[in-house]
Amino acid sequence: MPDRPLLGLLGRPQVIRMILFVAAVLFTTAAAASVYRLNEERNALFHTYRTGTWIIAEIQIEYLKTLQTAEAFRARPEQAALEKLQTSFDVFWSRAGLVNTSSEAVGVRELPAVSAASTEINRALPLLDADLHKAAIGNGDSIVAFIEHAEDLNLVVARMMQQVFIQDPLLYERTHLVGNLEVTNVLLGIALLAGLFLILMSLAQLKRTERLHEQNIRTRALLETRIRAIEATRDGIALVAPDGTVEFANRSLVGLLGILSPEIILGRSWSDVPAIGAVPLPSPENGEAISQEIAVARGNKDARHWDLSITPRNDGGSVVLVRDITDRRAAQRQNEVLREQFLRSQKMEAIGQLAGGVAHDFNNILAAVSGFAHLLREDLAMQPEQAGFAGQIVGAAERGKDLVKRILSFSRADMERQSIIDLHQVAMETIQMLASALPQRHRFRSSIPPSLPQIRGNATQLAQVIMNLVLNASDATEDNGGDVSLEIGTVTIDGGCAEGLLAELAHHVAENPIRVVQVDSETSKAWIGILSPPGQYLRIRVADTGTGIPFTTMERMFDPFFTTKAQGRGTGLGLASVIGIVKSHRGAIAVESRLGAGSEFNILLPVAPAAPDAADDKTAVSSLVLSGIRILIVDDDIAVGTVLQKMFDRFDCDATLCPDATTARNSVVEDPSAFDLIITDMTMPELNGIDLAAACRRAGFAGTMILVTGRAEMVSEPLLRSSGIDGLIAKPFSQEDVVREVRHALEHRAAAGRPDYGES
Amino acid sequence: MTPPNFWRKSLLAFWLTAVMAAPAIASGLPQPTDKVLLDISGAIAQGNLPLRGDASQQGEVVAAHAQFDMAMLKKMPATTIETATPWFDGVHRLTGVRLADLLKAVGASGETIEAVALNDYMVEIPVGDAVSDDVIVAYAFDDQPMSVRDKGPLWVIYPLTGRPALNTPEIQSKMIWQLKAMTIQ
């Protein structure tokens, strides 16, 4: 049997309660009926005892009275006696009939013996009446017959009386009464039990109801917590009813949709919901959730990106979740750009190292080429054509030298190092490099006067500034074919700073002082940085006649990673790095742009105070005689070493070439006074130039020492001094460079005397 | 002369009044011509029988005595009551003379009526009941005369059906049948 419906039905409290209730009512009614019947029986008994017995007694009395009057009439047959007899008989007759008719005789009537006697008496009455009638009309014997017949009834009447008094059947009836009482008690008991169970059940029900109530309260509290959580979440949540109307929307959704209150969409069709209503609800048949990204334009602001997911509920409705992922996406993109930037800088570093290495080797080669070409040119002085060829080689080597220098400028490790530089030179080098990068070079013009005041700065960084600005300007003119110009000049700033900027600076001293102003609908200006003190400044001006910069872009264009260029073309770091560089040079930037007319970037850099330059000494011509000087040339690159050796040979020097630094050191240690001059290459296996120099000084070498290196900027002045090195020759070198530096170093050494390294 | 006695004086005065009023009274109540069915005696002012007793000789109270046959009763205003009783089934019409009218006709002045049946059964009926409860002395049952065998010929009937308050064993015991005489006290 799969299920048992009856038991299931009985298991339900309301059914049991109903059954108990019906039972209680039925049994109570039955008990009441029983009590009623008991009362009736009691009344019947009462009648039987009281009124019934009286009626029977009266019958006997009237019977005896009738007999008596009949005897009196027989003794004296007179009219008066006859009338008395007739009246007495009539009364007896009327009494005899009462047994069967009167309600007072109900009880006794039911006694069989009484009933039988009554029947016998009533049957005898007409016979007696006939006898009496005969007697009345003068038949004297008739009265005797009447009396005889009447006396026949004596036993019947007596038995009736006797039965009434004994009332055995009534005793039996009383047992019946007790039985009825018992039944009544049982019925009442059952009704009581049913009522009791009903009460118990009601109590149990009450308890369960209370429990349910508490449970309900807890459930409601839990629900409220959930609703509060739903309201608190930043994600927009909506519930859509099976008929497609919106039945719930939390506050975040209201905020996301930009509507005033949830009531605006509640009860409306899903397709009426702004922005997200266009996405169709999932059909209930396939029951698969929808998850998609949508872009929502909001007024003139940037579009927001939302992640919209619609999950079908099992009742046919849907749960809608809207999450604003704009910021996350922006952060993701920023992360990607940063990673790209990091990879690029790593790549740049690797390329720089590679370039440095290559440049080093290349310098050695160029040094050799240049050196030997110089020698050739001198030796072929008599043959002008050949000397010309040698001169071509020297020229080519010089160009190679420039190239290597430029490459090296991008692989320098110390990008931040600042020194006194000539911006003209930096600008010219940059323009040369730009020439190949500019797509429309014929539209680029520059005006850079050759004699500019020197500034303190980092040539590489300033080159980067110029390059960034010019490339940006070039991009701005790409569409409309405008011109780009680069001018460098001197201006005198008389103090203060851009309008309104000073007040702002009072609050934001430590931060980037940036002020962007919209002059009119088409013109915007920006000032970055503050100039102090007043005085002379170099101005780098990059101007274009391009599309111009909108105010909204102007506001953000110096932010890192902000770019208007296509993906992959701009990193968004160009102008940001310009700010950083200009700030580190204590400079300022002023931008002015007009839509459709073009933009102008002005970089102002403080001019370095004029100071006597050590380079001036180097330019002084020395006429020191070099012949006879004992020179030790240490260079692992035989070609370079040989060039030097050959050069010194021209001056009748005693030059020894040693390609191995360790051997050279050993020979100096063995005899510190064997050489007057040691010229050593910087980069060598096992022992570098600095260490070799230091070792020689420790061994007691008192002569002059010169370091040859392709990376002159890597060697600092103090390092040279502490190693006891007197001069520096940058590779690639010309014979003039070498001779000038050697003479200078020798004189320097001679002038300094030998306080530290003097022979004992 | 015996010394004057208060009671004796009073009774004498009563007797004198009764004797003097007798001719006038006797003329108001006719004589029965048929068999006498009801005999009323006691404290009544009018009768239709010669006064009994001899007051001057025996000093007894002499009262008026009235006798009624069926014709006399039927001459009086008839009243019909429809009622049930313990002695027959259902409701039946009982026609007769209002007990109050009867008492008035005999000039009754007592408070209690001693009613006697043919078998000398006797009950007391308050005069008040006769007035307030519209009790009748019935002589017809469903418009038929009642024989002695059928509890007739006269039957005191209270209107039990119309007034449930009267339907008590005490009242039922006063509904005497086979009535033959009443004594007013």
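Since we're looking at a predicted model, the values are computed, not measured. (Residues numbered from 1 in each chain as written. Chains lettered and ligands numbered in written order. Predicted model: local features only at pLDDT ≥ 70, side-chain atom pairs only at ≥ 80, totals over all residues.)

1. Looking at the overall build of chain A
Each helix and strand counted, chain A has 21 helices and 19 strands in total. When burial is assessed residue by residue, chain A has 29% of its 760 residues classed as buried. Across chain A, every contact between residues at least 6 apart in sequence was considered, and the portion connecting residues at least 24 apart equals 66%. (Helix = DSSP H or I, 4+ residues; strand = E, 2+ residues; numbered from the N terminus. Buried ≥ 20, exposed ≤ 12 C-beta atoms within 10 Å, placed from the backbone. Contact = placed C-beta atoms within 7 Å.)

2. Things to note about the overall build of chain B
Across its full length, chain B carries 6 helices and 10 strands. Taking all 185 residues of chain B together, the buried fraction comes to 30%. Sequence-distant contacts, at least 24 apart, represent 63% of the contacts inside chain B between residues at least 6 apart.

3. Here's the deal with the packing of helix 12 (residues 459-476) of chain A against helix 15 (residues 574-584) of chain A
For any two helices packed against each other, the geometry is given by the interaxial angle and the distance between the axes. Residue and element names in this part refer to chain A. In contact at an axis separation of 10 Å, helix 12 and helix 15 are set at 145 degrees when each is read in the N-to-C sense. The handedness of the crossing between helix 12 and helix 15 is left-handed. Residues Gln461, Gln464, Val465, Asn468, Leu469 and Asn472 of helix 12 pack against Gly574, Leu575, Ser577, Val578, Ile581 and Val582 of helix 15. When the residues that make up the contact of helix 12 with helix 15 are grouped by side-chain class, the tally is 6 nonpolar, 6 polar and no charged. (Axes fitted to C-alpha atoms, helices over the stretch in contact; angles between N-to-C directions. Left-handed = near helix turned anticlockwise from the far one by under 90°. Nonpolar A, V, L, I, M, F, W, Y, C, P; charged D, E, K, R; others polar.)

4. Quick word on the sheet that holds strand 1 (residues 236-240) of chain A
Residues and elements named next belong to chain A. Spatial ordering of the open sheet is given by 2-1-5-4-3, a layout of 5 strands whose pairing is antiparallel. Of all strands in the sheet, those bounded by a partner on one side alone are strand 2 (246-249) and strand 3 (290-296). Going from strand to strand, the sheet's axes swing by 20 degrees on average, the running direction of each strand aside. In this structure, strand 1 lies alongside strand 2, joined through 3 bridges in antiparallel fashion. Considered in strand 2, the bridge of Val240 is made with Val246. (Pairing = 2+ DSSP bridges.)

5. Side note on the environment of Gly277(A)
All names here are of chain A. Mapped onto the fold, Gly277 is located in the loop between helix 8 (251-257) and strand 3. We classify Gly277 as partly exposed; it has 17 C-beta atoms within 10 Å. Ignoring anything within four residues of it in the chain, the contact list for Gly277 reads Trp270, Ser271 and Asp272.

6. As for the interface of chain A and chain B
It is common to give the size of an interface as the accessible area that goes away when the parts come together. Each partner contributes to the interface: chain A provides 10 residues, whereas chain B provides 11 residues. At 6 residues, the largest contribution of residues to the side of chain A that touches chain B is made by helix 3 (residues 79-101) of chain A. Taken together, the residues of the side of chain A that touches chain B break down into 2 nonpolar, 5 polar and 3 charged.

7. Looking at the nonpolar core
If you look at the biggest cluster of nonpolar residues, it comprises 46 residues, and the most contacted ones within it are Ile631(A), Ile678(A) and Ile706(A). Tallying contributions element by element places helix 9 (residues 326-379) of chain A first for this core, with 6 residues. Each of two domains, domain 3 (330-413) and domain 5 (615-752) of chain A, supplies a minimum of three residues to this core. In this structure Ile706(A) touches Ile679(A), Ile725(A), Asp726(A), Gly727(A), Leu728(A), Ile729(A), Glu741(A), Val742(A) and Ala745(A), once residues within four positions along its chain are discounted. Counting residues in each nonpolar core, the second largest holds 41 residues, with Ala130(B), Val137(B), Phe141(B) and Leu179(B) among its members. (Core = buried A, V, L, I, M, F, W, Y, C linked by C-beta atoms within 7 Å. Domains from an automatic or database assignment.)

8. Remarks on helix 3 of chain A
Each α-helix winds once per 3.6 residues, and so residues spaced three or four apart point in a common direction. Here helix 3 of chain A is 23 residues long and its end C-alpha atoms lie 33 Å apart, about the 33 Å a rise of 1.5 Å per residue gives. Residues of helix 3 of chain A that are buried include every one of Leu85(A), Ser88(A), Phe89(A), Asp90(A), Val91(A), Phe92(A), Trp93(A), Ser94(A), Arg95(A), Ala96(A), Leu98(A) and Val99(A), and no others. (Expected span 1.5 Å × (residues − 1).)

9. Concerning helix 18 (residues 661-670) of chain A
Residues and elements named next belong to chain A. Within helix 18, the full set of buried residues consists of Ala661, Ala664, Arg665 and Val668. For helix 18, the arc enclosing every buried residue in end-on projection is 100 degrees, short of the 170-degree limit, so these residues lie on one face. Within helix 18, the exposed residues directed more than 90 degrees away from the buried face are Thr663 and Glu670. Buried residues along helix 18 sit against strand 15 (630-634), strand 16 (654-658) and helix 19 (689-698). (Arc of directions from axis to C-beta.)

10. What about the sheet that holds strand 10 (residues 514-518) of chain A?
Residue and element names in this part refer to chain A. A sheet is described by the order of its strands in space; here 7 strands give the open sequence 7-9-12-14-13-11-10, paired in mixed fashion. Looking at strand neighbours, the two that pair on one side only are strand 7 (444-447) and strand 10, the edges of this open sheet. Sheet twist, expressed as the average angle between the axes of neighbouring strands with direction ignored, equals 15 degrees. Note that strand 9 (residues 484-493) and strand 12 (residues 535-544) share 10 bridges and pair antiparallel. Counted as the bridge partner of Thr490 is Leu538 from strand 12.

11. Re the confidence of the model for chain B
All names here are of chain B. Overall, the predicted model of chain B reaches an average pLDDT of 78, with 77% of residues at or above 70. When pLDDT is averaged over each element of chain B, strand 7 (residues 136-141) comes out on top at 92 and helix 2 (residues 55-58) at the bottom at 46. Long-range and interchain partners of residues 15-27, a stretch whose pLDDT sits below 50, account for 10 contacts in this model, where long-range means more than four residues apart. Counting contacts from residues 54-61, a segment whose pLDDT is below 50, to residues more than four positions away or on other chains yields 6 contacts. Interface confidence for the predicted complex, given as ipTM, is 0.72, next to a pTM of 0.37. (pLDDT = per-residue confidence, 0-100.)

12. Topic: unusual backbone geometry
Note the cis peptide between Gly152(B) and Pro153(B), where omega equals 0 degrees. Take Pro153(B): it is sitting in the loop between strand 8 (144-145) and strand 9 (155-157). The phi dihedral of Ala275(A) is positive, around 70 degrees, even though this residue is not glycine. Following the sequence through the fold, Ala275(A) ends up in the loop between helix 8 and strand 3. Positioned with a positive phi, Asp142(B) is a non-glycine residue whose angle comes to about 55 degrees. Mapped onto the elements of the fold, Asp142(B) is located in the loop between strand 7 and strand 8.

13. Topic: the packing of helix 5 (residues 112-136) of chain A against helix 6 (residues 142-166) of chain A
All names here are of chain A. At a closest axis distance of 9 Å, the pairing of helix 5 and helix 6 adopts a crossing angle of 165 degrees. With respect to helix 6, the axis of helix 5 lies roughly antiparallel. Crossing of helix 5 against helix 6: the hand is left-handed. When the residues that make up the contact of helix 5 with helix 6 are grouped by side-chain class, the tally is 18 nonpolar, 4 polar and 4 charged. (Parallel < 35°, antiparallel > 145°, perpendicular 65-115°, else oblique.)

14. Remarks on the environment of Asn122(A)
Residues and elements named next belong to chain A. Structurally, Asn122 can be placed in helix 5. Judged by C-beta crowding, with 14 C-beta atoms within 10 Å, Asn122 ranks as partly exposed. In this structure, the C-alpha to C-alpha distance between Asn122 and Gly97, residues 25 residues apart in sequence, is 7.1 Å. Other than its neighbours up to four places away in sequence, Asn122 contacts Ala96 and Gly97.

15. Side note on the pairing of strand 16 of chain A
All names here are of chain A. Relative to strand 16, strand 15 is paired through 5 bridges, and the arrangement is parallel. Of the residues in strand 16, the one forming a bridge with Leu632 is Thr656. In this fold, strand 15 hands off to helix 17 (residues 638-650), which returns the chain to strand 16; that crossover is right-handed. (Right-handed = clockwise from strand over helix to strand, strands pointing away.)

16. Overview of the pairing of strand 19 (residues 727-730) of chain A
All names here are of chain A. Of the two faces of strand 19, only the one carrying Gly727 and Ile729 is buried; Leu728 and Ala730 on the other face are not. With 4 bridges joining them, strand 18 (residues 704-709) and strand 19 adopt parallel strand pairing. Residue pairing across strands places Thr709 opposite Ala730, the latter belonging to strand 19.

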